[in-house]
Amino acid sequence: MSTPLLRVEGLVAGYGRPVVGPLSLDVFPGEVVGLWGANGCGKSTLLNAIADRADLLAGRILRMPGLVIAYQAQQPIRLPSMPVTGRELLRFTGTSLQEMPAALQAVSRQRIDRLSGGQYQLLCVWAAIAGRADLILLDEPTNNLDPEREALLTEMLTPSRLARRDTSGARLLPDRGVLLVSHERRFLEDACSRMIEIA
Ligand SMILES: Nc1ncnc2c1ncn2[C@@H]1O[C@H](COP(=O)(O)OP(=O)(O)OP(=O)(O)O)[C@@H](O)[C@H]1O
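Residues numbered from 1 in each chain as written. Predicted model: local features only at pLDDT ≥ 70, side-chain atom pairs only at ≥ 80, totals over all residues. Heavy atoms only, no water.

The protein is annotated in an unreviewed UniProt entry as Zinc transport system ATP-binding protein of Thiocapsa roseopersicina.

This is the structure in structure tokens:
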């Protein structure tokens with residue numbers, strides 16, 4: 001088996017006090033791993049700890065050397081006024097505009113402060129997926145999405161979309177991984193290669 005992108009061993013995490021763990025998990029290249037569990041069980045805190053946004057109180061988090069992580073929060077930050085288009089935002093974050101799903105093309109030409117909640121959510125998730133991160137952390141990525149956009153999100157997470165070309169451009173490498181949190185069981189079953197319940 002390949003080396004994991006991420007290994008979590010006996011992790012206890014929280015905010016001064018423990019709120020989740022101890023737990024262990026791996027994310028391997030090519031995997032889309034879904035976390036689910038009751039409200040407040042600590043799913044977001046686990047993602048936060050991996051993204052260095054919560055306290056690591058015990059155990060350890062091993063990241064593949066040089067690992068680049070993209071983190072998409074449950075509520076993407078929005079400014080009331082931001083006179084840039086989606087495409088400008090994507091370029092600014094180093095996100096490829098190639099292979100953008102058709103449903104996002106028109107959205108990406110609009111100013112981001114004029115997008116609906118769902119449009120902005122999908123744009124942010126696309127920025128995380130289409131950027132240069134090796135490991136993508138998504139917290140409740142279906143927030144604000146209608147069934148059609150949710151299906152599009154599932155499609156964005158398919159192995160062929162996540163794979164990257166090697167330096168020669170000849171081969172697609174399944175070298176990235178996704179760890180996501182969702183309370184939507186059906187989405188998890190459709191989008192994930194593996195699911196882990198957080199107690
Ligand atoms: N910034 C914070 N400071 C202190 N406590 C926090 C903070 N964020 C979350 N908590 C607490 O940590 C616990 C776990 O919250 P967390 O958001 O990780 O759960 P969750 O499983 O993602 O919940 P949900 O499904 O409702 O999003 C909760 O009791 C919550 O009140």
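S.K.: Account for the overall build of the protein, naming residues and giving values.
M.R.: Across its full length, the protein carries 7 helices and 10 strands. Its C-alpha radius of gyration of 17 Å places the protein within 12% of the 16 Å reference for a compact globule of 199 residues. In terms of principal-axis extent, the alpha carbons of the protein reach across some 45 × 45 × 30 Å. With 199 residues in all, the protein has 48% of them scored as buried. (Helix = DSSP H or I, 4+ residues; strand = E, 2+ residues; numbered from the N terminus. Rg over C-alpha atoms; globule rule 2.2 N^0.38 Å. Buried < 20%, exposed > 50% of the residue type's maximum accessible area, 1.4 Å probe, protein only.)

S.K.: I'd like a description of the UniProt feature "domain: ABC transporter" (unreviewed entry) in the protein, backed by residues and values.
M.R.: Following the UniProt record, the feature "domain: ABC transporter" (unreviewed entry) maps to residues 6-199 here. Secondary structure content for residues 6-199 is 29% helix and 29% strand, and the end C-alpha separation is 20 Å. (UniProt positions renumbered as here; feature names shortened; annotations may be inferred.)

S.K.: Describe the layout of surface pockets, with residues and values.
M.R.: Here the largest pocket is characterised by a volume of approximately 640 Å³. Lining the largest pocket are 26 residues, and of these Y71, Q72, T93, C124 and A127 lie nearest its centre. Each residue belonging to the lining of the largest pocket can be placed in one class, and the counts come to 16 nonpolar, 6 polar and 4 charged. Approximately 410 Å³ is the volume attributed to the second largest pocket. Taken together, 17 residues form the lining of the second largest pocket, with S96, E99, A130, R161 and A163 sitting closest to its centre. Elements supplying a minimum of two residues to the lining of the second largest pocket: α4 (117-130), α6 (159-162) and β7 (164-165). Split by residue class, the lining of the second largest pocket holds 5 nonpolar, 6 polar and 6 charged. (1 Å grid on protein atoms, 1.4 Å probe; cavity = no way out; pocket = protein on both sides within 12 Å on 5 of 7 lines; lining within 4 Å. Points joined across faces, edges and corners; volume = space filled by probe spheres on them. Nonpolar A, V, L, I, M, F, W, Y, C, P; charged D, E, K, R; others polar.)

S.K.: Please give an account of the environment of G86 that cites residues and values.
M.R.: Take G86: it is sitting in helix α2 (residues 86-92). Separated by 29 residues in the primary sequence, G86 and L115 place their C-alpha atoms 9.1 Å from one another. Not counting chain neighbours up to four residues away, the residues in contact with G86 comprise S108, Q110, I112 and L123. (Contact = heavy atoms within 4.5 Å.)

S.K.: So what about the nonpolar core? Which residues, and what values?
M.R.: Among the nonpolar cores identified, the biggest contains 33 residues, and L104, L138, L153, M156, L157, V178 and L180 are the most heavily contacted of them. Counting residues per element, the ones that place at least two in this core are α3 (102-108), α4, β6 (135-139), α5 (147-156), β9 (177-181) and α7 (185-191). Counting residues per element, this core draws most heavily on α4, which supplies 9 residues. Setting aside its immediate chain neighbours within four residues, V178 contacts V27, E31, V32, V33, L135, I136, L138, L157 and L162. (Core = buried A, V, L, I, M, F, W, Y, C linked by side-chain atoms within 4.5 Å.)

S.K.: Give me the lowdown on the site of the ligand, citing residues and values where you can.
M.R.: The local shell around the ligand consists of Y15, V19, A38, N39, G40, C41, G42, K43, S44, T45 and Q74. One of the backbone nitrogen or oxygen atoms of G40 is found 2.9 Å away from an oxygen atom of the ligand. Contact between the ligand and G42: an oxygen atom at 3.0 Å from a main-chain N or O atom of the residue. Compared with its free state, where it exposes 630 Å², the ligand has 60% of that area covered by protein. (Near = heavy atom within 4 Å. Polar contact = N/O pair within 3.5 Å; in protein donor to acceptor, adjacent residues only side chain to side chain. Areas by Shrake-Rupley, 256 points an atom, 1.4 Å probe, with all protein chains shown as cover.)

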